[in-house]
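# Tertiary structure, described
For reference, the chains in residue letters:
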Amino acid sequence: MTTALYVTTKQFCKRAWFGALLAVGTLTLGPLAFVLLTRMQGLNLEYMDHDLTGYHFAYLGLSWVCFLGVCLHAQSGCQKLCLTLPVSSKAIASWMMFTMVGLVVLLQLLTSGAYRMLFFDEHWLADYWPLLGPLLFIVSLILVGHCLFWMMHAPSFTRLGVGAAVIVSMFYWFISRYYPAGFHAKLIPWSRVSLGEFVTLQIVCIAAWYQGTRSFALYRAGIAVPSPAWERMLLWWNALLTGAIPDQPLVPLSRSDTLAKLHWRDSCHRAVIFTGLLFGCMELGVTLAIGAQHRMDPADILDASQGCLMITLSTSLISSILIAFMLGDGICNPGRAEMRRYLAIAPLKDTELIRRLFRNLIKTCLCTLAIIFGALLLSLTINSLLWGPALAKELGRLLSTRQEYVVQILLAFAGFWLLAGNAVSVLWTGRTWFINTTVGVVFGGLIFYIVTINLLETIFRDFMLSRFIVVAMLMLVYALIMGGTLIAYTGALYQGLISKRKTLCCGLLFALGVTTIVVGILQTAYLYQGRPQWFFFFLYSAVLALLLAPIATIPLALRWNRHR
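Residues numbered from 1 in each chain as written. Predicted model: local features only at pLDDT ≥ 70, side-chain atom pairs only at ≥ 80, totals over all residues. Heavy atoms only, no water.

### A look at the overall build of the chain
- Looking only at helices and strands, one finds 21 helices and 0 strands in the chain.
- Restricting to contacts in the chain with at least 6 residues of sequence separation, those with at least 24 account for 79%.
- Total accessible area on the chain stands at roughly 32100 Å², and carbon and sulfur atoms take up 71% of it. (Helix = DSSP H or I, 4+ residues; strand = E, 2+ residues; numbered from the N terminus. Contact = heavy atoms within 4.5 Å. Areas by Shrake-Rupley, 256 points an atom, 1.4 Å probe, with all protein chains shown as cover.)

### Some details on the packing of helix H16 (residues 403–427) against helix H21 (residues 550–562)
- At a minimum axis separation of 8 Å, H16 and H21 run at an interaxial angle of 25 degrees. In terms of orientation, H16 and H21 fall into the roughly parallel class. The interaxial crossing formed by H16 with H21 has left-handed handedness. For the pair H16 and H21, the contacting residues are Trp417, Gly421, Asn422, Val424 and Ser425 in the first and Pro550, Thr553, Ile554 and Ala557 in the second.
- Considering only residue class, the contact of H16 with H21 consists of 5 nonpolar, 4 polar and no charged. (Axes fitted to C-alpha atoms, helices over the stretch in contact; angles between N-to-C directions. Parallel < 35°, antiparallel > 145°, perpendicular 65-115°, else oblique. Left-handed = near helix turned anticlockwise from the far one by under 90°. Nonpolar A, V, L, I, M, F, W, Y, C, P; charged D, E, K, R; others polar.)

### Brief notes about the state of the cysteines
- The tally for this structure, following the rule as stated, stands at 0 disulfides.
- Cys506 supplies the cysteine sulfur nearest to Cys505, a cysteine that is in no disulfide, at a spacing of 6.9 Å.
- Cys505 sits in the partly exposed class, given a relative accessible area of 45%. (Disulfide = S-S within 2.5 Å. Buried < 20%, exposed > 50% of the residue type's maximum accessible area, 1.4 Å probe, protein only.)

### Remarks on the environment of Leu357
- Relative to the assigned elements, Leu357 resides in helix H14 (residues 350–387).
- By relative accessible area, Leu357 is classed as buried at 0%.
- For the pair Leu357 and Leu343, spaced 14 residues apart in the sequence, the C-alpha separation amounts to 9.9 Å.
- Not counting residues within four places of it along the chain, the set of residues in contact with Leu357 comprises His263, Ile331, Leu343, Trp428 and Leu558.

### Considerations on the pattern of salt bridges
- Under the counting rule described, the total for this entry stands at 5 salt bridges.
- For Asp350, the salt bridge goes to Arg562, with nearest N and O atoms at 2.7 Å. Taken together, the residues Asp350 in helix H14 and Arg562 in helix H21 connect sequence positions 212 residues apart. Exposure class is identical for Asp350 and Arg562. Each is buried.
- Residue Arg356 pairs with Glu352 through a salt bridge whose shortest N-O separation is 3.5 Å. Highlighted residues: Arg356 and Glu352, both in helix H14, separated by 4 residues, approximately one helical turn.
- You can call Arg356 buried: its relative accessible area is 13%.
- Salt bridges here are not isolated pairs; linked through shared partners, they connect Asp350, Arg559 and Arg562. (Salt bridge = Lys/Arg side-chain N within 4 Å of Asp/Glu carboxyl O.)

### What to know about the nonpolar core
- Residues Ile331, Leu361, Trp428 and Leu558 are the most contacted members of the largest nonpolar core, which totals 53 residues.
- Looking at this core, the elements with two or more residues in it are helix H11 (255–296), helix H12 (301–330), H14, helix H15 (390–401), H16, helix H18 (464–494), helix H20 (535–548) and H21.
- Per-element accounting of this core gives the leading share, 10 residues, to H14.
- Not counting chain neighbours up to four residues away, the residues in contact with Ile331 comprise Met339, Arg340, Leu343, Leu357, Trp428, Leu558 and Asn561.
- Counting residues in hydrophobic clusters, the runner-up holds 52 residues, among them Cys147, Leu148, Trp150 and Phe216. (Core = buried A, V, L, I, M, F, W, Y, C linked by side-chain atoms within 4.5 Å.)

Okay, structure coming up:
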């Protein structure tokens, strides 16, 4: 038994030494470089000698994250090996706990010793940099974490609630050590550990070790099973992600309807739920925070309402990228070796397959936007119930009396479709080389254009040649967008992927949009001393072309992916 654990410990040390060295070096050399640079610049750092509390807590957070990350990385390579050792489960669980504890304690002592030699005086432990208390706390936290990890291999709501309560209580107890007179009093470093505190932490460690070894033994024996309520929750959650409702009565569907429903359950429904919940909760939290801030400062009602609207528009645009990536990866097998089999061999024509998948894409976009804007309405309702309807009334007044805010919402919808549609058209090709090339060209070209134009405007500001080069570069991008869109529609029409009627409708819509842009530029010329700003014509017409491009590029991408 001793030999097996010795060999495993050597393997653990081999995996941990480089990360440990990197973590200690970063935590030591980073502050040292900061101090040296500030002193070279002649800045005064005496204020740091009077209050190091913020730096102490920052160090605790960073060091705990770094050291625990090193230990988890090292143990991840030894865990499977430990399960096969001819050793008792109690010994293996104890080894995993105490190796992590020992490594974290060693790294903490090394880093604190380096800080003592480089930064602190001889009174550091007593005055401003407590060591024993935080060290005992992180030891107990590691053991509790191991215990909860193995307990959750047989998950239940009771264990989940107890585990969350224990973690929250431990951190509350730890923070309260720095406020012995209450949280409203002055912060005092936890420089002395009382006998009661020491005994409390030891009891927690022993209890966590005992329960962790028992849970690991059950897991290793293969008898750790989730509770019935947890299994029912998993069934409900999987049904929510896939859209499949258990015990749903069977309804006969056509082949195209069946394929569309399967594709929706396979990738679209999950994308809507995940993205909608993520950004909806973000929208809900930020808007409630804005409402709480407005309650403390009622004078900023206009800024608060504008902030709610801007947060909603920003989250909708960001969510379009996540939607595109989830839908793009959902159409291919892992590694993008081929299209998913049920799509590739479906007994449907390419046009019917494209029509169904395109409908699912539009449905996904609309459902995601509905969840995000629904979160805005929900947050405004909660704000009205908690702090009065002033914020909701002001936002309603802005939307009803000032057209620019309604236009901003419409532009957010258009931006969502522009980003999601064009990104999906690239990802649905299924060619990794094409996707990487497109992304590289777009972002590389964007960086190149920004750098080049800034250099020309800075160095050759008064030269006509520099202006000509800038205009030529921008016109090249415009020509590529318009030419690419025209080629895509020509190719899709030639291959029969879109009908002549749809092509004609898109052409008329583009012509109507261009006409509207021209009229708007001529009507607003008086704002620029009678000079029409034709720059906006090229900008808006390019955006309009990108809005219409997915109607042709998505069918081409799907056909290319299906027939490789």
